[in-house]
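Examining the three-dimensional arrangement
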Amino acid sequence: MDVKVTNITKQFDRFPALDNVSLDIRSGELIALLGPSGSGKTTLLRLIAGLEQPTGGQIFFGDEDASHRSVQERNVGFVFQHYALFRHMTVADNIGFGLKVRPSSSRPAKSEIRKRVSDLLDMVHLSGLESRYPNQLSGGQRQRVALARAVAIEPRVLLLDEPFGALDAKVRKELRRWLREFHDRTGHTTVFVTHDQEEALELADRVVVMSQGKIEQVGTADDVYDTPNSPFVFSFIGESSNLPVTIRDGHMLFQGENIGIRDACEGDGDLFFRPEDVVLTDDRDALYGKVTICRRLAGTRIAELDIANNGHEPHHLEIEVPLDATVAVGNEVRFRPTRWKVFRK
Ligand code: ADP
Ligand code: MG
């Protein structure tokens with residue numbers, strides 16, 4: 001089922017939690033809503049679910065305007081960060097719950113529910129644990145039960161709000177891979193909320209980067225990492241540095257000096273680049289700074305630099321330097337970005 005969010009605004013008090021947000025979610029895709037805390041991710045998910053009503057705008061499930069449909073009518077499946085399993089029910093009863101409480105007209109026969117629960121247990125790799133209670137499971141197992149319960153009702157859309165947020169890093173990583181496989185086998189249209197960029201980039205077909213109730217960019221992991229379209233996305237995803245520059249007749253100037261790169265943007269702007277996208281150089285026309293810290297990483301080295309700023313607090317940034325370069329604390333290094341983006345002021 002494809003979902004279309006059009007011009008959605010959600011106002012809680014006077015402050016908009018979502019400000020005119022539009023998004024097309026494709027049928028069968030796994031899309032991640034990524035943004036810092038308070039950016040509106042949960043609110044957007046709850047609006048899609050029908051747990052919140054929008055102040056303005058519409059939500060379509062396929063061609064159907066679902067904006068005023070109830071949660072039940074929308075038939076969505078949820079998983080939240082904190083396992084909301086029924087503690088007094090076994091794993092099997094938890095998974096089958098959504099089917100058992102259906103009105104008799106649409107409720108499957110008992111034997112059919114049993115079969116479906118058994119298939120789902122198999123799918124989430126928990127066969128054999130059907131008689132356990134939630135407190136007899138690990139955190140990762142509980143979240144897999146929650147997912148099985150969410151898909152048991154054959155939801156039109158699966159909504160996951162930081163489902164692995166409460167688990168430790170190792171289990172999170174395992175579940176991330178597992179969820180991707182599960183998705184590829186079952187094909188549910190899935191909206192996954194996270195504030196963890198690594199999780200979003202690894203897991204999702206497309207990433208929706210959100211900030212302050214707005215969508216900043218929608219794209220594949222490559223799109224948002226390689227061609228961020230705003231200063232926010234550039235700094236939020238991956239490592240980045242930025243400096244104020246002026247471009248005159250195509251030449252880029254920093255503090256009035258030519259830094260040896262050309263850009264089509266004219267006037268004042270902010271130059272953004274990633275630490276890995278620089279080369280060291282002996283040219284006069286280059287950026288330069290003093291090394292304050294040198295850090296060895298697995299296959300590379302990071303130099304932290306202070307760049308003089310006309311008597312103000314220096315600009316501080318990081319560049320990656322080759323292992324064989326002679327770069328030490330206190331040295332001055334000259335460098336030039338090889339890939340960059342200028343955002344006009
Ligand atoms: P996220 O999930 O990205 O952390 P939320 O969607 O939870 O962000 O919140 C977005 C904004 O809306 C925040 O400023 C939050 O304080 C506000 N907000 C969310 N829910 C409510 C609510 N029920 N009442 C008032 N403000 C809310
Ligand atoms: Mg949230």
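The rules behind each value
Residues numbered from 1 in each chain as written. Chains lettered and ligands numbered in written order. Predicted model: local features only at pLDDT ≥ 70, side-chain atom pairs only at ≥ 80, totals over all residues. Heavy atoms only, no water. Helix = DSSP H or I, 4+ residues; strand = E, 2+ residues; numbered from the N terminus. Contact = heavy atoms within 4.5 Å. Pairing = 2+ DSSP bridges. Axes fitted to C-alpha atoms, helices over the stretch in contact; angles between N-to-C directions. Near = heavy atom within 4 Å. Polar contact = N/O pair within 3.5 Å; in protein donor to acceptor, adjacent residues only side chain to side chain. Areas by Shrake-Rupley, 256 points an atom, 1.4 Å probe, with all protein chains shown as cover. Nonpolar A, V, L, I, M, F, W, Y, C, P; charged D, E, K, R; others polar. Buried < 20%, exposed > 50% of the residue type's maximum accessible area, 1.4 Å probe, protein only. Lys, Arg positive; Asp, Glu negative; His and termini not counted. Salt bridge = Lys/Arg side-chain N within 4 Å of Asp/Glu carboxyl O.

The name an unreviewed UniProt entry gives the chain is Sulfate ABC transporter ATP-binding protein, with Agrobacterium bohemicum as the organism.

So, on to the environment of Ile 319. Checked against the element boundaries, Ile 319 lands in strand 18 (residues 312–321). Leaving out residues up to four positions away in the same chain, Ile 319 has contacts with Phe 273, Pro 275, Val 278, Leu 280, Arg 301, Ile 302, Ala 303, Leu 305, Val 333 and Phe 335.

Overall, mixed pairing links the 6 strands, which are arranged 6-7-8-3-9-10 in an open sheet. Bordering the open sheet on either side are strand 6 (76–80) and strand 10 (214–219), each of which pairs with just one other strand. The mean angle between the axes of side-by-side strands here comes to 15 degrees, regardless of whether they run parallel or antiparallel. Looking at chain direction, strand 7 (residues 157–161) and strand 8 (residues 190–194) are connected through 4 bridges and run parallel. Following the sheet pairing, Leu 158 is matched in strand 8 by Thr 190.

Take the environment of Gly 140 next. Relative to the assigned elements, Gly 140 resides in helix 5 (residues 139–152). Between the alpha carbons of Gly 140 and Val 171 there is a distance of 6.5 Å; along the sequence they are 31 residues apart. With residues near it in sequence (within four places) discarded, Gly 140 still touches Leu 167, Val 171 and Leu 175.

Moving on: the site of ligand 1. Close to ligand 1 lie Phe 12, Phe 15, Ala 17, Pro 36, Ser 37, Gly 38, Ser 39, Gly 40, Lys 41, Thr 42 and Thr 43. Between ligand 1 and Lys 41, the relevant distance is 2.8 Å, taken from an oxygen atom to a side-chain nitrogen or oxygen of the residue. Separating an oxygen atom of ligand 1 from a side-chain N or O atom of Thr 43 is a distance of 2.5 Å. Calculation on ligand 1 without its partners gives an accessible area of 560 Å², and the protein chains cover 60% of this total. With 3 residues, the single largest contributor to the shell around ligand 1 is helix 1 (residues 41–49). Within the shell around ligand 1, the residues separate by chemical class into 4 nonpolar, 6 polar and 1 charged.

Attention now goes to the side chain of Asp 263. By the secondary structure assignment, Asp 263 is in the loop between strand 13 (257–262) and strand 14 (267–273). Nearest to the buried, unbridged Asp 263 among oppositely charged side chains is Arg 344, at 8.3 Å. There is a polar contact of 2.9 Å between the side chain of Asp 263 and the backbone nitrogen of Cys 265. In terms of polar contacts, Asp 263 uses its side chain to reach the side chain of Trp 340, at 2.8 Å. Not counting chain neighbours up to four residues away, the residues in contact with Asp 263 comprise Ile 247, Gly 250, Met 252, Trp 340 and Val 342.

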